Amino acid sequence: WSFKPIQEIEVPVIKINGTKNPIDMFVGARMIDVGITFQEEASKRNLVRRLYYDLTGLPPTYHQVKEFEGGAVTYESLVDRLLSSHRYGERYARHWLDVVRYSDTRGAANRRTENEFTYAWTYRQWVIESLNEDMPFNQFMRLQLSADLMYEKKEARLKDLAALGFLAIGKYDRDTNQRIDEKIDTTSKAMLGLTVACARCHDHKFDPISTEDYYGWHGIFSNMTEIKDEDLPIIQDVKTIPDYRDYSRKHKVATNKLGSFKLSSMSKWIAHSRSNAPSYIVVSFMKKNVLDASGFLFYSQTNKIDNIGIMNGTVRKWQKEMSGKKPLWEAYKMYGGKAKISKEDLTKISSPVYREFFQKERVDSNVSLIKSYSKLFDEAYSFSSRWIRLKRQVPSGDEIPKEIWSEPVSVLYSAVVGLGSIDSFQNSIPTTDRNRYSREVSKLNATVRSLQQTHPGAPRRPQMLLGGRSGNSKVLLKGNPSLKGVVAPKGYIDWFDKKDYSSGSGRYELAKSISSDANVMAPRAIVNRVWQWHFGNGFVDDPDNLGMLSNTPEMTNLVNYLSSYLIDNKWSIKKLHKLILTSQTYTQSTMETPKHLLVDSDNAMMHKQNIRRLSFEELRDSLLYASRQLDEKHDGRPIDLMTSFKRSVYGKIDRSNIPELLAVFDFPNPNMSSGKRPNTTVPQQSLFLMNSQFVDQRVKGIVSLPEINRAIDEETKITALYRNLFQRDPSSLEVKLGVRFIQKEGPERYVQTLLMSSEFNYVL
């Protein structure tokens, strides 16, 4: 059903009191077929509470409930107000962040490079802001795949580069093909509701997706590389940032400290390599098996080779150097393997400079030859070190007083003793020293990153990958990189669109294909997700797979109608929300009747609204909101969920170390796309409300609120608590029980008991 074209759907004409919403016509017609009808409308309190939590993730106030119950605010105007609230974007961004496996880390804590994404939060903030401004959803998808290319074509704003975090924040894997597969899997599931990654090793077993289709996408994503933080563009005007100067000053100090440490460490190890040239010569002789065991032992002890930390990479460079054509190494190549060297042998050295040197040194054996080379390099190093201290430059040419030192000096200041670049030299040094160096660099890097992430004056940069032109990929037979098949042309999926992408990387064209009005999968996928976010279940059970393995919806025509409605309304998600929220289908009560249960036991026909438990984010935010400690002024930077008072959507997510508390409350695995959170009930959820220090602090905050702390009696205190936590007045029985409880256990234990109630934790 989902692969067929989206055609114009005629709305059924049925008589339903109080509604003309087309959703109700489709739902009502299906229910009439089986002899059931809608439930009555939910109570006004339940309805306004449902609406607030659904669109903002926070409860209404007692005053807002009373305002709605009294008729001062109409339902439709309330829907409009909440859709216009900045809280809407914070609420619905979290839904999308589940789908795109958002995390602030790479998930590779043991990597030598840093684990953190410094600017992943700018992607999250872009999602929030885009949802709040009701960016057309097809544009929303396009930007996440090709914002850089669209910006070049003046089809995107500078700040939209943050959308590229979608591709950049995936789980890291050392295997390039694994990283590409992760992008293909997330893109296809999130935007199309298809499991394209299943075609990596063979044609898809169920859906019309071939391995050629998969490797067509593989070619598109194959040329994307990570950009260093300092090379990422600034995507906001720094003149508008009040604290930018303070940030810039502190950032410069921190980066200079980091750079100075790296440079001084590299200089120290290069000096170490130069000053120990004799030892490297000894080891290089040994590696060539031209030094007898007793001779090597003597020279290794003399030169303290076992204590200096010989670097194998540098040894290999010395071996290559010593096998070269310089006159300096002629004696080594001619006599390095001889136990005895005669005076006649030394006369055969063609260079008069080195012939005279080795004769003067009375070289008569392999051992004495090595001693002479060591002496030569010691003298050359001593001279060059003194020269650099005085002249602040490396001596060259006529500046070297002895011709015999000329070549040794040039070797000492060449790549032979070099350790690579400033970012890679640590890979050459001994393990213990490398670990010590890496720890210090991580510490200094953390200071820089902390400024970039937490300082209010730090400008936004996009967490993005750089990708230009890329060649076509070959099909890897059975997914094996060593078994390459035919070239797969870059393109969409042949079943839907035969067009090949011949220009550039193909990423821009793929984004256009996915976001096209003609795409049959993208609108159905997001319609199914939005329906699930409002009702708890989608038309299709698995929102990430609308293919052949998915269930066929009870109301396929409604899915197609809403998909067509979305396209006709320029992909406006807020208009889709409003259509759903103003339907009788949405505003129904959650009450159940035996007749309905017999006919529609799983509520697939939507004969009632579903009861919904608060997510962890809603629960945490509600606790802060009830204690009036919630800080809603935020710029999007990551926060610690257990210590900060900011909204939960801004919590730092470490995919390699998910807090147990989040897992207990069904937080999704950020290593993969998660279109639907599991819904478990385990004791640890109640234990959090009973024993958590976080909850204990919120309880103390609620009890100390003025209207509760200064209440003239327990009855007044209980009424204030019910209005704060449940947005209603307590019944006389609830007051009576509350007074008895407070007198026996105290107000704090009473508040905690109310927080553990179903009424606080569920939305009806």
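Treat the numbers as computed from the prediction; the structure is a model and nothing was measured.

Remarks on the overall build of the protein chain
- Of the regular secondary structure elements, the protein chain holds 36 helices and 6 strands.
- The C-alpha atoms of the protein chain give 35 Å as radius of gyration, which overshoots the globular expectation for 764 residues (27 Å, by more than 25%).
- Each of the three principal axes of the protein chain carries a C-alpha extent, and together these read 120 × 70 × 50 Å.
- Here the protein chain holds 764 residues, and 55% of them are scored as buried.

Some details on the packing of aromatic side chains
- Applying the stated rule across the entire model yields 34 aromatic pairs.
- Aromatic pair Tyr92 and Trp533: ring centres 5.9 Å apart, planes at 65°, arrangement edge-to-face. One end of the pair, Tyr92, is in helix α5 (residues 86-99); the other, Trp533, is in helix α23 (residues 522-535), and 441 residues separate them in sequence.
- Judged by relative accessible area, Tyr92 falls into the buried class, the value being 3%.
- Taken together, Trp318, Trp329, Phe357, Phe358, Tyr373 and Phe377 form an aromatic cluster joined through their ring pairs.
- The aromatic ring of Phe166 is capped on one face by Arg101, whose charged end is 5.7 Å from the ring centroid.

Points about the nonpolar core
- Formed by 155 residues in total, the largest nonpolar core has its most connected members in Tyr123, Trp217, Phe221 and Leu562.
- Broken down by element, this core gets its largest block of residues, 8 residues, from helix α7 (residues 137-152).
- If sequence neighbours within four positions are ignored, Phe221 has contacts with Leu145, Leu167, Ile180, Lys183, Ile184, Thr187, Arg507 and Leu510.

Examining the confidence of the model for the protein chain
- Here the protein chain shows a mean pLDDT of 90. Residues at 70 or above account for 96%.
- Contacts for the low-pLDDT stretch residues 288-294, under 50 throughout, to residues beyond four places or in other chains number 13 contacts.

Regarding the side chain of Ser673
- With respect to the secondary-structure elements, Ser673 resides in the loop between α29 (660-664) and α30 (683-691).
- Residue Ser673 is classed as buried on the basis of its relative accessible area, which comes to 6%.
- Side-chain polar atoms of Ser673 contact the backbone oxygen of Val99, separated by 2.6 Å.
- Beyond its immediate chain neighbours, meaning those up to four positions away, Ser673 contacts Asp98, Val99, Arg101, Lys189 and Asp544.

What to know about a negative patch on the surface
- On the surface, a cluster of negative charge is contributed by Asp203, Glu212, Asp494 and Asp500.
- With respect to the helices, strands and loops of the structure, Asp494 is situated in the loop between β4 (484-488) and α22 (507-514).

Some words on the pattern of salt bridges
- Inspection of every chain in the model, using the stated rule, returns 42 salt bridges.
- Close ionic contact of Glu617 with Arg94 constitutes a salt bridge, the shortest N to O distance being 3.9 Å. Of this pair, Glu617 sits in helix α28 (residues 616-626) while Arg94 sits in helix α5; the two residues are 523 residues apart in sequence, bridging distant segments of the chain. Grouping residues by exposure puts Glu617 and Arg94 together as buried.
- Within this structure, Arg45, Arg728, Glu734 and Glu759 form a network of salt bridges that share partners.

So, the packing of helix α18 (residues 352-360) against helix α19 (residues 366-391)
- Remark: α18 packs on α19, axes separated minimally by 10 Å, with the N-to-C direction vectors making an angle of 115°. Considering only the axes of α18 and α19, their crossing is right-handed. Counting all contacts with α18, which are made through Tyr354, Phe357 and Phe358, the residues of α19 involved are Leu369, Ser372, Tyr373 and Leu376.
- Grouping the amino acids of the contact of α18 with α19 by side-chain chemistry returns 6 nonpolar, 1 polar and no charged.

Let's talk about helix α20 (residues 403-412)
- Of all the 10 residues making up α20, 7 are buried; the element is thus mostly covered by neighbouring parts of the structure.
- Here α20 has its buried residues at Ile404, Trp405, Glu407, Pro408, Val409, Val411 and Leu412.

Side note on unusual backbone geometry
- Within the chain, Lys570 stands out as a residue other than glycine whose phi angle is a positive 55°.
- Examined against the element boundaries, Lys570 turns out to sit in the loop between α24 (556-568) and α25 (573-581).
- According to the relative accessible area criterion, Lys570 is exposed, its value standing at 67%.

Considering the environment of Asp231
- By the secondary structure assignment, Asp231 is in the loop between β1 (224-226) and α11 (244-275).
- Overall, the relative accessible area of 53% leaves Asp231 in the exposed class.
- Once the C-alpha coordinates of Asp231 and Ile422 are considered, the two residues, 191 residues apart in sequence, prove to be 16 Å apart.

Description of the state of the cysteines
- Using the criterion set out here, one finds 0 disulfides in the structure.
- Its sulfur unpaired, Cys198 is 9.8 Å from the next cysteine sulfur, which belongs to Cys201.
- Classification of Cys198 as partly exposed rests on a relative accessible area of 39%.

Examining helix α15 (residues 312-322)
- Taken together, the buried positions of α15 are Thr314, Val315, Trp318, Glu321 and Met322. Down the axis of α15, the buried side of the element spans an arc of 120°, and every buried residue falls inside it. What points out from α15, more than 90 degrees from its buried face, is the exposed set Arg316 and Lys320.

Side note on the environment of Thr195
- Mapping Thr195 onto the fold places it in the loop between α9 (176-192) and α10 (211-221).
- Among the residues examined, Thr195 registers a relative accessible area of 11% and is labelled buried.
- Through-space distance from the C-alpha of Thr195 to that of Trp318 is 53 Å; in sequence the pair is 123 residues apart.
- Once residues within four sequence positions are removed from consideration, Thr195 is found in contact with Ser188, Lys189, His204, Asp207, Ile209, Asp544 and Asn545.
- At 2.9 Å, the side chain of Thr195 forms a polar contact with the side chain of His204.

Cut-offs applied
- Residues numbered from 1 in each chain as written.
- Predicted model: local features only at pLDDT ≥ 70, side-chain atom pairs only at ≥ 80, totals over all residues.
- Heavy atoms only, no water.
- Helix = DSSP H or I, 4+ residues; strand = E, 2+ residues; numbered from the N terminus.
- Rg over C-alpha atoms; globule rule 2.2 N^0.38 Å.
- Buried < 20%, exposed > 50% of the residue type's maximum accessible area, 1.4 Å probe, protein only.
- Phe/Tyr/Trp six-rings, centres within 6.5 Å; stacked < 30°, edge-to-face > 60°.
- Lys NZ or Arg CZ within 6 Å of the ring centre and 35° of its normal.
- Core = buried A, V, L, I, M, F, W, Y, C linked by side-chain atoms within 4.5 Å.
- Contact = heavy atoms within 4.5 Å.
- pLDDT = per-residue confidence, 0-100.
- Polar contact = N/O pair within 3.5 Å; in protein donor to acceptor, adjacent residues only side chain to side chain.
- Patch = residues over 30% accessible without salt bridge, like charges linked within 9 Å, V, L, I, M, F, W, Y side chains within 5 Å.
- Areas by Shrake-Rupley, 256 points an atom, 1.4 Å probe, with all protein chains shown as cover.
- Salt bridge = Lys/Arg side-chain N within 4 Å of Asp/Glu carboxyl O.
- Lys, Arg positive; Asp, Glu negative; His and termini not counted.
- Charge placed at Lys NZ, Arg CZ, Asp CG, Glu CD.
- Axes fitted to C-alpha atoms, helices over the stretch in contact; angles between N-to-C directions.
- Left-handed = near helix turned anticlockwise from the far one by under 90°.
- Nonpolar A, V, L, I, M, F, W, Y, C, P; charged D, E, K, R; others polar.
- Disulfide = S-S within 2.5 Å.
- Arc of directions from axis to C-beta.

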